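Chain and residue survey
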Amino acid sequence: RSESQVSKLNRTGILKHPSPDLVRTLQTAKNISEKSNGAFDITVQPLWALYHSHSKTAGMPTESEIHETKRRVNWRNVQIHQDEVRFKSTGTQITLNGMAQGVATDQARAALAAIGIEHALIDCGELGSIGRNTQSKSWQVGIQHPRDPEAFAALAQLNNRSLATSGDYETHFTRDYRQHHIFSPATGQSPIELSSASIAAPTAQLVD
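Here we summarise the structure given alongside this text. (Residues numbered from 1 in each chain as written. Predicted model: local features only at pLDDT ≥ 70, side-chain atom pairs only at ≥ 80, totals over all residues. Heavy atoms only, no water.)

This part covers unusual backbone geometry. Positive phi values are uncommon outside glycine, yet His17 reaches one of about 55°. Its identity is not glycine, yet Tyr177 carries a phi of approximately 70°, on the positive side. Examined against the element boundaries, Tyr177 turns out to sit in the loop between β8 (162-167) and β9 (196-201). (Helix = DSSP H or I, 4+ residues; strand = E, 2+ residues; numbered from the N terminus.)

Take a look at the structure:
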């Protein structure tokens, strides 16, 4: 959405009067970047744009293009204040695809609990749960097989917990899945150790 606060920030490098929700989300992103030594980094948006533009012509970026773009990826370039968010470096852009669905899931869960809902399974791109299912058991959800869209790789039990899955199959730029929508800030390329990863924890934002 071109009128969103994130889009405005990416276009101009500065956002006055950011929403409190955005400030909290960006601060959480910064904290996770610190704890993960930069493995989680919302400033990978330039890498997405690079790969996406090349995918339109069935090509892949060169090593020099990746190296040059990777220089724009650094979570420390985002300065966060209650009344302003600013980029310290030209060319910095952010994406919240690594946590926005989790934020929405947590907010939906809180809204349901606030009106007295005691049992629910919430799906806003990531999964959250309250209470138990109609059989008074933990919510059971399937984790998609990364190579067979009709099959489950595993089943997960959720009891007041949240679940997030990331996989190379969601958006991939090469037929062999080696280059996809998940980028390593350290290399500028997709990690190839895993096809899919799932995490369960108390909040959806954290697992996302």
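For the rest of this paragraph, the subject is the sheet that holds strand β3 (residues 84-87). What holds strands together in a sheet is hydrogen bonding between their backbones, with the strands either parallel or antiparallel. Taken in spatial order, the three strands of this open sheet run β1-β3-β2, and their pairing is antiparallel. Because the sheet does not close on itself, it has two edges, and the strands there are β1 (14-16) and β2 (78-80). Averaged over all neighbouring strand pairs, the angle between strand axes comes to 10°, with direction disregarded. Sheet topology note: the β2/β3 ladder contains three bridges and is antiparallel. (Pairing = 2+ DSSP bridges. Axes fitted to C-alpha atoms, helices over the stretch in contact; angles between N-to-C directions.)

Our next topic: the sheet that holds β9. With respect to topology, four strands assemble into an open sheet ordered β4-β5-β8-β9, the strand pairing being antiparallel. For this open sheet the edge positions go to β4 (120-123) and β9, each flanked by a neighbour on one side alone. Strand after strand, the sheet turns through a mean of 15° between neighbouring axes, direction not considered. Summarising the sheet, strand β5 (residues 127-130) and β8 pair through two bridges and their orientation is antiparallel. By the bridge assignment for β8, Leu127 is matched with Leu163. Contacting β4, β5 and β8, helix α5 (residues 100-114) crosses the sheet at an angle of about 20° to β5. (Contact = heavy atoms within 4.5 Å.)

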